[in-house]
Amino acid sequence: MNNPVLSICIPTYNRASFLRQCLDSIVFQFKDSVIYQAVEIVVSDNGSTDGTTQLVNEYKEKFFNISYFRNNENLGVDRNILQVVEKAKG
């Protein structure tokens, strides 16, 4: 996605079940094509071991506006939050 109007930044760590709920509530809004075109979702995974990667990849197959970044190691909450905001384009 080149020029999103809004970036929804999601830092996460081992919260796949909650992440599914979060993503579902966001992509539900994508029924409106204007919103779909204007919004990006950026997920920064702090090295989860609970299937977060597979979950996000499942959503990425359906929605082009989802970006996923996975840290090789846990950077801590603060650095993960900073990273997800830095990756956002909106």
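Notes on the structure in this doc start here. All values derive from a computational prediction rather than experimental measurement. (Residues numbered from 1 in each chain as written. Predicted model: local features only at pLDDT ≥ 70, side-chain atom pairs only at ≥ 80, totals over all residues. Heavy atoms only, no water.)

Quick look at helix α4 (residues 77–87)
The complete set of buried residues in α4 reads Asn80, Gln83 and Val84. Down the axis of α4, the smallest arc covering the buried residues is 95 degrees, so these residues share one side. Projecting away from the buried face of α4 at angles above 90 degrees are the exposed residues Asp78, Arg79, Leu82 and Glu86. As for α4, its buried residues are in contact with β1 (6–12) and β2 (39–45). (Buried < 20%, exposed > 50% of the residue type's maximum accessible area, 1.4 Å probe, protein only. Helix = DSSP H or I, 4+ residues; strand = E, 2+ residues; numbered from the N terminus. Arc of directions from axis to C-beta. Contact = heavy atoms within 4.5 Å.)

Quick look at a nonpolar patch on the surface
On the surface, Val77, Ile81 and Val85 cluster together into a nonpolar patch covering about 270 Å² of accessible area. The topology assignment puts valine 85 in helix α4. (Patch = residues over 30% accessible without salt bridge, like charges linked within 9 Å, V, L, I, M, F, W, Y side chains within 5 Å. Areas by Shrake-Rupley, 256 points an atom, 1.4 Å probe, with all protein chains shown as cover. Salt bridge = Lys/Arg side-chain N within 4 Å of Asp/Glu carboxyl O.)

Description of the environment of proline 11
Checked against the element boundaries, proline 11 lands in strand β1. Overall, proline 11 belongs to the partly exposed group, its relative accessible area being 36%. Each C-alpha atom, one on proline 11 and one on glutamine 83, is 8.5 Å from the other, the two residues being 72 residues apart in sequence. Every residue in contact with proline 11, bar those within four places of it in the chain, is listed here: Ser44, Asn80, Ile81 and Val84.

Side note on the nonpolar core
Core analysis: the largest hydrophobic core is formed by 17 residues, its most contacted members being Ile10, Leu19, Phe30, Ile41, Val43, Tyr59 and Phe63. Mapped by element, the contributors of at least two residues to this core are α1 (16–27), β2, α3 (52–62) and β3 (66–70). What isoleucine 10 contacts, discounting residues up to four positions off in sequence, is Leu19, Cys22, Leu23, Ile26, Ile41, Val42, Val43, Ser44 and Val84. (Core = buried A, V, L, I, M, F, W, Y, C linked by side-chain atoms within 4.5 Å.)

Here's the deal with the environment of alanine 16
Inspection of the secondary structure puts alanine 16 in helix α1. Using a relative accessible area of 15% as the deciding quantity, one classes alanine 16 as buried. If we ignore the near neighbours within four places in the chain, the residues touching alanine 16 are Asp50, Gly51, Thr52 and Leu55.

What about unusual backbone geometry?
Residues other than glycine seldom take positive phi values, yet asparagine 14 does so here, at roughly 50 degrees. Mapping asparagine 14 onto the fold places it in the loop between β1 and α1.

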